[in-house]
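Spelled out, the chains give:
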Amino acid sequence: MASPSRSGAFQEAVDRRVERFTESISFDRRLYRQDVAGSIAHAQMLAERGLLTVDEANAIERTLREIEGELDRNEFPIRIELEDIHMHIEHALIERLGDVGRKLHTGRSRNDQVSTDFRLWVRDALDRIDARLLDLQRAFVGRCDGDEGIVLPAYTHLQRAQPVLAAHYWLAYCEKFERDRERVADCRRRTNRSSLGAAAVAGTSIDIDRHATAARLGFEQVSANSLDISSDRDFAVESVFVLSLIALHLSTWAEEWILWSTAEYEFLELPNAFCTGSSIMPQKINPDVLELTRGKTARVIGDLQTLLVLIKALPLAYNRDLQEDKPAVFDAFDTVEATLELAVPIVAASRLRTDRIEARLDRGFLDATTLMEHLIKRGTPQRTAHHAVGSLVRAAMQQGKRLQDLDLERFREVEPTLGPEVFEVLGVRRAVEAFVSYGSTAPVQVAAQVRSWKDRLASGATERRTPAGVS
Ligand code: ARG
């Protein structure tokens, strides 16, 4: 069977090895729904322009839906000689409708068709990622009530630094994933532009209506330069960059929870249903999902790298290299979607080991900064206070004590005006109470943040969108 893309200009049949080397059907089959939606929009527009009769456009639409159903049910034959999903669908249309099917490709090229289908796919995939991020944020906020009042050590350089409320921790991740959601929304805007009708590279002399097809497909804008848009893969690169940052955030979370679930930390109990065992050591309950969350970040960053290198220095406009963009994009979306799907129940079902955390909260002088700030508030210059508290910490360390266990006399050695009120800022809980600044771990600040997150997440509120969803 001759490929529809081999015109009368060819004298020889294609070498089979070329077919195998150049095919994309093995991965772009995933675009079939988008391809059907794009073709239906195009056919309806052609009918509005008098380039097809209404009956012809209806027959095309009906047959495309039939083909879509067969693809849904895995009943559609795949043949690599038809190269890609676009050729497969058009070929089947022609087999079933004859000359009417042969008219569909009027005023269109595979270059704009591929780009249109891919944009529709990425748009829907971004919406799925956004929904999963929202679920994850809800899981973190959901932790705040149950973990109310629990204090955790916050670390810098992985050394104990200052005390924070557990809710402050959970909301830190909400903030990160909120920025990710903003980036998803922003990337979606640039993805959601119609390339359909840019044709091969320069547009077409056929009197098409690009705004009509764009509106039917829910695109917010119509691209204004056929040469630009038929070569543009910024949206693909950008979406995988957004996914890379999501993966980085997830890897930080995963790494932290891997540490937290060790016998060295004992902060966290992971739900058994999300852990795996060892084939030799019967005692092992391993955090493999978290490790793979960390590990799969490498794939996503690799996908980004693939796309950047793929597109570097490509001359305008379409080049066949661009076909290689899809495996990287599909892999990045699949990986991050699957990771988010597991992150949500793990966040929701893990349990903080409050007894173990509490028992060791006094380690690491988490109240030292608050003591220094107490001195500053009483008029000691910051550098002097910093030095003074440092010497108190050293004294306490030498005696194996906490700061609050030192005698008042010891405090007076560094600052003679200090009285017994100094003990009011000592101890981890009182240190937490002492915070006041906006965005800090001060209990009132955190309570306000929890309320505001609950309100925001109840409505799912990132800005709403053009109708999504051809898939
Ligand atoms: N399979 C190709 C792709 O996915 C189709 C592009 C066709 N355009 C062309 N000029 N050969 O990119």
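Quantities reported herein were computed from a predicted structural model and do not represent experimental measurements.

A. Up close: the packing of helix α12 (residues 288–311) against helix α13 (residues 325–349). Interhelical geometry of α12 versus α13 gives an angle of 155° and a closest axis separation of 9 Å. The angle between α12 and α13 falls in the class roughly antiparallel. With respect to the hand of their crossing, α12 and α13 are arranged in left-handed fashion. Where α12 approaches α13, its residues V289, L290, T293, K296, R299, V300, D303, T306, L307 and L310 are matched on the opposing element by D325, A328, V329, D331, A332, T335, V336, T339, L342 and I346. For the contact of α12 with α13, the per-class residue count stands at 11 nonpolar, four polar and five charged.

B. Seen up close, the packing of helix α3 (residues 32–48) against helix α4 (residues 54–72). Where α3 contacts α4, the axes come no closer than 9 Å and their chain directions differ by 175°. One finds that α3 runs roughly antiparallel with respect to α4. Listed contacts from α4 to Y32, R33, V36, S39, I40, A43, Q44 and A47 of α3 are V54, A57, I60, E61, L64, R65, E68, L71 and D72. Considering only residue class, the contact of α3 with α4 consists of 10 nonpolar, two polar and five charged.

C. Inspection of the state of the cysteines at higher detail. Overall, the coordinates contain zero disulfides when judged by the stated rule. Left unpaired, C144 is separated from the closest cysteine sulfur, that of C174, by 6.8 Å.

D. Region of interest: unusual backbone geometry. Between L316 and A317 the backbone carries a cis peptide bond, its omega angle lying at -5°. For A317, the position within the fold is in the loop between α12 and α13. The phi angle at H157 is positive, at roughly 55°, despite the residue not being glycine. Within the secondary structure, H157 is located in the loop between β1 (151–156) and β2 (159–165).

E. Structural context of the site of the ligand. Within the structure, the ligand sits among S24, E83, D84, R110, N111, V114, Y318, R320, Q323 and K326. Here Y318 contributes a side-chain N or O atom positioned 2.4 Å from an oxygen atom of the ligand. With respect to the ligand, the side chain of Q323 contributes an N or O atom lying 2.8 Å from a nitrogen atom. When residues in the shell around the ligand are grouped by element, the largest group, three residues, is from helix α7 (residues 110–146). The class makeup of the residues in the shell around the ligand is two nonpolar, three polar and five charged.

F. Region of the structure containing the pairing of β2. Here β1 runs beside β2; their pairing, made up of six bridges, is antiparallel. In the sheet register, L152 faces β2, and the bridge partner there is V164. Between β1 and β2, which pair antiparallel in sequence order, lie two residues; one of them, H157, sits at a positive phi of approximately 55°.

G. Inspection of the environment of A458 at higher detail. Along the polypeptide, A458 turns up in helix α19 (residues 443–458). In this structure A458 comes out as exposed when scored by relative accessible area, which is 62%. With 126 residues separating them along the chain, A458 and A332 place their C-alpha atoms 29 Å apart.

H. Summary view of a nonpolar patch on the surface. Residues V201, L227 and L316 make up a contiguous nonpolar surface patch of about 260 Å² in total accessible area. Of note, L316 is situated in the loop between α12 and α13.

I. Quick look at the nonpolar core. Judged by nonpolar contacts, the single largest core of 97 residues is most densely connected at I246, W253, W257 and W260. Looking at which element gives the most residues to this core, the answer is helix α11 (residues 234–260), with 14 residues. Here I246 is in contact with I129, L133, F177, D180, V184, V336 and L340, once residues within four sequence places are set aside. M372, A385, L406 and F411 belong to the second largest nonpolar core, which has 19 residues in total.

How each quantity is defined
- Residues numbered from 1 in each chain as written.
- Predicted model: local features only at pLDDT ≥ 70, side-chain atom pairs only at ≥ 80, totals over all residues.
- Heavy atoms only, no water.
- Axes fitted to C-alpha atoms, helices over the stretch in contact; angles between N-to-C directions.
- Helix = DSSP H or I, 4+ residues; strand = E, 2+ residues; numbered from the N terminus.
- Parallel < 35°, antiparallel > 145°, perpendicular 65-115°, else oblique.
- Left-handed = near helix turned anticlockwise from the far one by under 90°.
- Contact = heavy atoms within 4.5 Å.
- Nonpolar A, V, L, I, M, F, W, Y, C, P; charged D, E, K, R; others polar.
- Disulfide = S-S within 2.5 Å.
- Near = heavy atom within 4 Å.
- Polar contact = N/O pair within 3.5 Å; in protein donor to acceptor, adjacent residues only side chain to side chain.
- Pairing = 2+ DSSP bridges.
- Buried < 20%, exposed > 50% of the residue type's maximum accessible area, 1.4 Å probe, protein only.
- Patch = residues over 30% accessible without salt bridge, like charges linked within 9 Å, V, L, I, M, F, W, Y side chains within 5 Å.
- Areas by Shrake-Rupley, 256 points an atom, 1.4 Å probe, with all protein chains shown as cover.
- Salt bridge = Lys/Arg side-chain N within 4 Å of Asp/Glu carboxyl O.
- Core = buried A, V, L, I, M, F, W, Y, C linked by side-chain atoms within 4.5 Å.

Shape descriptors only; they carry no functional weight alone.
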